[in-house]
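Each chain, letter by letter, is given below.
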Amino acid sequence: VVDPISYSHVSVAGVPAACARIFFLNLNEWNEQSAMKISKEDVLKVAALANLELTDAEVDAYRGQLDDILTYIDKLNEVDTSDIEPMTQVVAASSDDSSLRDDVMVRADIVTEVLEGAPDPDGPYFRVPRVIEK
Amino acid sequence: VSAATAWTIPEVRAALGSRKISARELVNEFYARIDRLNPELNVYLALSPERAYAQADRIDAAIAAGDALPSLAGVPLAVKDVISTHRIPTTCGSRILEGYKPPYDATAVTRLEHAGAVILGKTNCDEFAMGSSNENSAYGPVRNPVATNHVPGGSSGGSAAAVAATLAVVSLGTDTGGSIRQPGSFCGVPALNPSYGRVSRYGLIAYASSLDRIGPFAHTVRDAASVMSVIAGRDPRDATSSSLPVPDYAAGLDQPLHGMRIGIPDDYFGEGIDAEVRQKIEAGIRLLEKLGCRRVSIRMPNTEYAVAAYYIIATAEASSNLARYDGVRYGPRVPGATLIEMYRKTRGQGFGPEVKRRIVLGTYVLSAGYYDAYYLKGQKVRALIARDFREAFEKADFIVTPVAPVPAFRLGERMASPLQMYLADIYTVTGSLAGVPGISVPSGKTAAGLPVGLQIYGPAFGEDRVLHLAHAFEQAGGADL
């Protein structure tokens, strides 16, 4: 059994190490030593959630690549964030910036132009395949 | 590609004012050059001659009437293809928006045109601004004008190359994790990523909304400053835009420099950085010292987690933002028997490999059971990186780093491993996460003639000072180190 966390040969502290991986990390070697974090089924499930049709070749390629990326992302577990509030956005620079404008409807008069760009316009509507079965 | 004599904004102004050239003739000159060079460089995806000549004629009429000219009168401008332009094709470098013509202009575009700028066309970029080499464009990569078998950087590669090849006087790019600064470094032109909230994002087609910013490329720091004065400022259409007053950035450039402490993060120059890049950045730091800057040592202890946090947050936001491309309202549709099947086929065939990879990753990190472990963790680490910057700016007025650990690489050289491509964003994603402004300013060239960019970070809304120091660096010969 391979311990999936034992990447000591690549997990070195400091920025230079982060950069060093650009040049020195052999990802194939890394893969052989690690348990896969993400299966083919995971990729298919997520692709379905995102409404993406993927080819078999894409599923295979993404599985390996996402595994590399997720394994790398695991280094965040080294950071103690127990007392840290998540940063959801960059804080506004002055006090009145957080105020939102009044929610007032304004005519845009762009219906014709918008519909011209649609793949299947029908009068003032976008036409789509049947959603509700009889 | 040999650069023609580069027009700067003051030169355009002087030539128009003295009637050496008309705005229309200037547009002709640029389009002739684009006709000649674009087939090789692939910088422009669409040209907008109708709009450009109409604007040029307005400027020429104003000159003939003796009217006062706005600050960017007649200045030829290129706009990255992720920024909306009314009735000018805007594809984001993607097949899924092929043929899309926005029904409105981005605020930055409106403001630039109002200031007299002439929009020549739309520049190539990595699809939906996702990439570091411009090789993810569905319309083929841009070639670096400095060395045409090399990438121009990404994602705003077309906007950087447009200026570097003198196919525009100034251009707009966008930066989410380094997409202005890194191509600025690779193509050897000044490139500013302003503070988050300084420039309205209205009309910028979203990649990662908490990170996306619009900023300029130019031949000189002064020109970049002139563009900033026009595009910065509160916009009621972007609730995250700041109402802090906008200084006249160009006017402040010639003030004397004093009391400038430059923070150099410990450990930023170790293993992993290209030896020549390191040498040029160290020479750049010495030049800053000659200009009177005092070097202070700072610590940015969470930097090594920045790439991981960035790729969680950016892909999560992207997976949400890109949900709107579904074959209903714009772009081509791939038919399907059911609505869901139509969505899946349209998206599967409309998006390229890097975009799909990021949507899958972003959807994964947001999915049930993983949200806390990835997305929430990423946001907490983001808070720590922002804290690193705040603490560093207590000891230093600026933070100076490389822009990228390498100079421009060859086309195709780094496409095999997405992770390795991501890791090279280390010096730029930190500032993206923190929301602070950063400029890439040319700091010499490698022996092979490839430009190296020095990055100057300032505190949030300190772009006036960042531009000031970058200008002094440029005037002192930074590009020729």
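Residues numbered from 1 in each chain as written. Chains lettered and ligands numbered in written order. Predicted model: local features only at pLDDT ≥ 70, side-chain atom pairs only at ≥ 80, totals over all residues. Heavy atoms only, no water.

Undergrad: Got a minute to help me understand the pairing of strand β7 (residues 261-265) of chain B in this structure?
TA: All names here are of chain B. Extensive coverage of β7 is indicated by the burial of 4 of its 5 residues. Examined bridge by bridge, β7 and strand β8 (residues 294-298) share 5 bridges and lie parallel to one another. Residue G263 lies in a different strand from β8, and its bridge partner there is V296. (Buried < 20%, exposed > 50% of the residue type's maximum accessible area, 1.4 Å probe, protein only. Helix = DSSP H or I, 4+ residues; strand = E, 2+ residues; numbered from the N terminus. Pairing = 2+ DSSP bridges.)

Undergrad: Would you explain the interface of chain B and chain A in this entry?
TA: A common way to state how big an interface is: give the accessible area lost once the parts meet. Listed by partner, the interface residues are 86 residues for chain B and 68 residues for chain A. Together chain B and chain A conceal approximately 6,500 Å² of surface at their shared face, both sides included; 67% is due to carbon and sulfur atoms. Linking chain B to chain A there are 5 salt bridges. We note a salt bridge from R87 of chain B to E113 of chain A, for which the minimum N-O separation is 3.3 Å. In this assembly, chain B and chain A are joined by 17 residue pairs in polar contact (both at pLDDT 80 or more). Looking at the side of chain B that touches chain A, the elements that each hand over two or more residues are α9 (306-321), α10 (339-350), α11 (353-366), α12 (372-395), α13 (418-423) and α14 (426-434) of chain B. Looking at which element gives the most residues to the side of chain B that touches chain A, the answer is α12 of chain B, with 12 residues. (Contact = heavy atoms within 4.5 Å. Buried area = accessible area lost by both parts, 1.4 Å probe. Salt bridge = Lys/Arg side-chain N within 4 Å of Asp/Glu carboxyl O. Polar contact = N/O pair within 3.5 Å; in protein donor to acceptor, adjacent residues only side chain to side chain.)

Undergrad: I would appreciate a short explanation of empty space enclosed by the protein in the present structure.
TA: The method is simple in principle: a probe with the dimensions of a water molecule rolls over the atoms, and the space it marks as empty is what remains. Residues and elements named next belong to chain B. On inspection of all chains with the given rule, the structure shows 3 cavities of 30 Å³ or more. Roughly 120 Å³ of volume is contained in the largest cavity. If you go around the largest cavity, you meet 20 residues; those closest to its centre are G131, S132, G177, S179 and D425. For the lining of the largest cavity, a count of residues per class yields 8 nonpolar, 10 polar and 2 charged. If you go around the second largest cavity, the residues you meet are S132, Q182, F186, A404, V406, F409, R414, M421, A424 and D425. In the lining of the second largest cavity, the residues fall into 6 nonpolar, 2 polar and 2 charged. (1 Å grid on protein atoms, 1.4 Å probe; cavity = no way out; pocket = protein on both sides within 12 Å on 5 of 7 lines; lining within 4 Å. Points joined across faces, edges and corners; volume = space filled by probe spheres on them. Nonpolar A, V, L, I, M, F, W, Y, C, P; charged D, E, K, R; others polar.)

Undergrad: What's the story with helix α2 (residues 23-41) of chain B in this structure? I'm lost.
TA: Working note: α-helix, 3.6 residues per turn, so residues spaced by three or four point in the same direction. All names here are of chain B. Under the 1.5 Å per step criterion, the end-to-end length of α2 is 25 Å for 19 residues, consistent within 8% with the ideal 27 Å. The axis of α2 is deflected most strongly, by about 40 degrees, at D35, and proline P39 appears within four residues downstream. All of the buried residues in α2 are A23, L26, V27, F30, Y31, R33, I34, L37, N38 and L41. On its buried face, α2 sits against α1 (9-17), β1 (44-47), α3 (49-64), β2 (76-80) and β3 (118-123). Downstream of α2 by a residue or two, N42 has a phi angle that is positive, lying close to 60 degrees. (Expected span 1.5 Å × (residues − 1). Bend = angle between axes of the 7 residues up to and from the residue.)

Undergrad: What is the right way to read a nonpolar patch on the surface from this model?
TA: All names here are of chain A. Among the surface-exposed residues, V128, V131 and I132 lie close enough to one another that they form a single nonpolar patch of about 280 Å² accessible area. Structurally, V131 can be placed in the segment after β2 (125-126). The exposure class of V131 is exposed, given its relative accessible area of 54%. (Patch = residues over 30% accessible without salt bridge, like charges linked within 9 Å, V, L, I, M, F, W, Y side chains within 5 Å. Areas by Shrake-Rupley, 256 points an atom, 1.4 Å probe, with all protein chains shown as cover.)

Undergrad: Can you help me understand the environment of I214 of chain B in this one?
TA: Residues and elements named next belong to chain B. Following the sequence through the fold, I214 ends up in strand β6 (residues 213-218). With relative accessibility at 0%, the residue I214 sits in the buried group. Considering only alpha carbons, one finds I214 and G157, 57 residues apart in sequence, at a separation of 14 Å. If we ignore the near neighbours within four places in the chain, the residues touching I214 are I83, A108, L172, G173, T174, I180, P194, V199, S200, L204 and I231.

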